[in-house]
Amino acid sequence: MTEPTRRRAAALELIDAVVDPGTWHGWDGPVTALPGYLDDPGYRADLARARERTGLDESVVTGEGRIRGRRVAVVAGEFRFLGGSIGVAAGERLVRAVERATRERLPLLASPASGGTRMQEGTIAFLQMVKVAAAITDHKTAGLPYLVHLRHPTTGGVFASWGSLGHVTAAEPGALIGFLGPRVHEALYGEEFPPGVQVAENLLANGIVDAVLPSGELADAAARALGVLCGDTAGAPDPAGAGPVRAPAVPVATAEESIRRSRRPERPGLRALLTVAARDVTPLSGTGAGERDPGLLLALARIGGTPCVVLGHDRRETGDGRPPALGPAGLRVARRGMGIAAELDLPLLSVVDTAGAALSREAEEGGLAGEIARSLADLMTVPAPTLCLLLGQGAGGGALALLPADRVVAARHAWLSPLPPEGASAILYRTTERAYEVAGRQGVRSADLAAHGIVDRVVEEAPDAADEPEAFLARLGAVLGAELAALRTRPRAVRLAARRTRYRNLGLS
């Protein structure tokens with residue numbers, strides 16, 4: 001094929017679509033000769049044809065450019081170069097690019113398109129994935145963001161290494177994404193792989209990728225995510241205004257009144273809070289490891305100008321009209337968010353609004369109790385600043401699992417109880433009829449929680465958030481923004497010591 005008719009490499013087209021015009025600078029040096037043990041004439045001919053067909057010298061392109069003005073390192077795979085396969089030269093090129101991005105403290109965007117490791121180079125190519133994964137781990141450990149955009153197709157060792165380590169992962173619409181390629185499956189097992197499984201949209205539905213995005217939308221999405229993950233604050237607008245909007249003073253409610261108000265279907269939840277009080281919201285889907293839970297929402301966002309990781313109970317109703325109960329997968333999603341906050345030193349906002357943890361065989365066998373324990377342990381030790389919002393219902397271990405924090409804010413009608421009040425009443429009196437009486441004695445109201453040092457600040461409702469959702473969420477957003485900004489100014493050692501002391505001494509004074 002002659003140069004004038006050669007089709008432009010898809011990796012370069014991707015770079016053109018994502019990087020600001022005129023800012024791309026490639027990092028790739030010449031590919032060295034093959035080691036002697038790989039100097040096979042047939043393989044040399046394959047490489048020559050791939051180079052002629054694509055205009056590239058290897059299956060990956062690396063370099064840097066600007067994405068909406070931000071300097072970013074980029075590595076992209078080219079499937080038309082021997083199926084995007086990774087051999088020794090491509091593996092070394094990838095590692096050098098990741099290491100350079102780490103040295104220069106650049107966020108990294110990776111966009112693989114590959115059938116996996118290069119069969120012609122055997123086991124030595126297979127092991128390239130180890131050093132690539134190690135380099136990316138070092139990059140993330142250095143507190144630098146790693147974004148992934150999986151293109152069609154991405155399979156094998158590439159998907160199982162640098163394709164699956166992103167803080168945020170998107171995929172091309174309709175892309176084939178999977179570990180075992182369909183052709184390999186058919187050759188090994190004599191049957192076709194079930195259709196629709198290894199498709200980007202199915203991976204999104206199962207919590208393996210966070211979004212399905214065409215390359216034309218990738219730049220804006222990456223810029224939005226990096227604006228949070230890089231911790232930028234300069235020039236960030238405060239969506240809730242210059243300061244808190246004060247609510248009219250209202251009488252402190254009884255436990256029964258607060259519980260009833262918190263259960264109103266019209267009461268605004270976490271999604272409404274993000275809509276009104278946050279900017280640059282990037283939803284994340286599931287654990288990234290094949291689990292989702294409708295009871296847990298995870299997102300990157302900016303609140304009051306402060307970038308943060310947000311995780312919390314999602315009170316959207318399920319098909320039977322009830323909010324979803326939090327299961328073990330939901331807590332694993334939450335712990336993914338805690339990990340992102342820890343790696344990038346981003347403030348973490350947890351939001352409590354749950355009728356309780358899931359009570360089912362699946363939850364028990366899925367390790368619910370252990371996940372609650374691990375969530376508590378993670379929140380007590382995560383080095384990032386932490387803020388908890390009690391937004392509505394706070395029943396049982398499902399609420400407790402998201403509670404520990406440097407600071408705790410509560411809506412006036414939010415509450416926290418060892419069990420749903422009806423459950424506590426059933427234990428004490430073998431009836432649910434005395435639920436509100438028990439709740440009153442237990443001290444579940446926000447006023448009680450503040451008196452005992454469990455809550456630091458109460459945001460008023462005037463008199464009910466369900467009747468003034470926009471105004472309430474604006475007040476709440478202003479408070480949260482101020483709290484997050486203040487937490488970022490406190491030295492880490494001081495914060496961690498105060499967090500430990502807070503819960504160590506709870507109930508002793």
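Along each chain, numbering runs from 1 in the same order as the chain's sequence is written. At least 70 in pLDDT is required for a residue's local features to be given in this predicted model, at least 80 for side-chain atom pairs to be given and counted, and no such filter applies to totals for whole chains, interfaces and linings, which use all residues. Where side-chain values are given, they derive from all heavy atoms of the structure, hydrogens and water being excluded.

- As named in an unreviewed UniProt entry, the chain is Acetyl-CoA carboxylase carboxyl transferase subunit beta, taken from Actinacidiphila glaucinigra.

### Structural notes on the environment of Ala411
Thought 1: Within the secondary structure, Ala411 is located in strand E15 (residues 407-411).
Thought 2: Placed 60 residues apart in sequence, Ala411 and Ala471 show a C-alpha to C-alpha distance of 13 Å.
Thought 3: Residue contacts are defined here by distance: any two heavy atoms, one from each residue, within 4.5 Å place the two residues in contact. Once you skip the residues sitting within four places of it in the chain, Ala411 turns out to touch Arg267, Leu390, Leu391, Ser446, Val458, Val459, Glu461 and Phe472. Helix and strand labels come from DSSP, where a helix needs a run of H or I of at least four residues and a strand needs a run of E of at least two; each type is numbered from the N terminus.

### Comments concerning the packing of helix H11 (residues 270-277) against helix H19 (residues 469-489)
Each pair of packed helices gets described by two things: the angle between the helix axes and the distance between those axes.
Thought 1: Contact geometry for H11 and H19: axes closest at 9 Å, N-to-C directions at 75°. By the angle between their axes, H11 is roughly perpendicular relative to H19. On H19, the residues that touch Ala272, Leu273, Val276 and Ala277 of H11 are Glu470, Leu473, Ala474, Leu476, Gly477 and Leu480. Here the axes come from fitting lines to C-alpha atoms, over the contacting stretch only for helices, and the angles between their N-to-C directions go from 0 to 180 degrees. We call two directions roughly parallel when the angle between them is under 35 degrees, roughly antiparallel when it is over 145, roughly perpendicular when it lies between 65 and 115, and oblique otherwise.

### Describing the sheet that holds strand E7 (residues 168-171)
Thought 1: Any two strands with at least two DSSP bridges between them are considered paired. Read across the open sheet, the seven strands follow the order E1-E2-E3-E4-E5-E7-E9; overall the sheet is mixed. The sheet terminates laterally at strand E1 (25-26) and strand E9 (211-212), the two strands that pair on one side only.

### So, the sheet that holds strand E11 (residues 296-303)
Thought 1: Taken together, seven strands build an open sheet; the order of strands is E10-E11-E12-E13-E14-E15-E16 and the sheet is mixed. Edge positions in the open sheet fall to strand E10 (278-284) and strand E16 (457-459), since each of these has one partner strand only. Going from strand to strand, the sheet's axes swing by 25° on average, the running direction of each strand aside.
Thought 2: Relative to strand E12 (residues 306-313), E11 is paired through eight bridges, and the arrangement is antiparallel. Bridge pairing links Ile303 to Thr306 in E12.
Thought 3: Contacts from helix H9 (residues 215-229) reach E10, E11 and E12, with the element oriented near 80° to E11.

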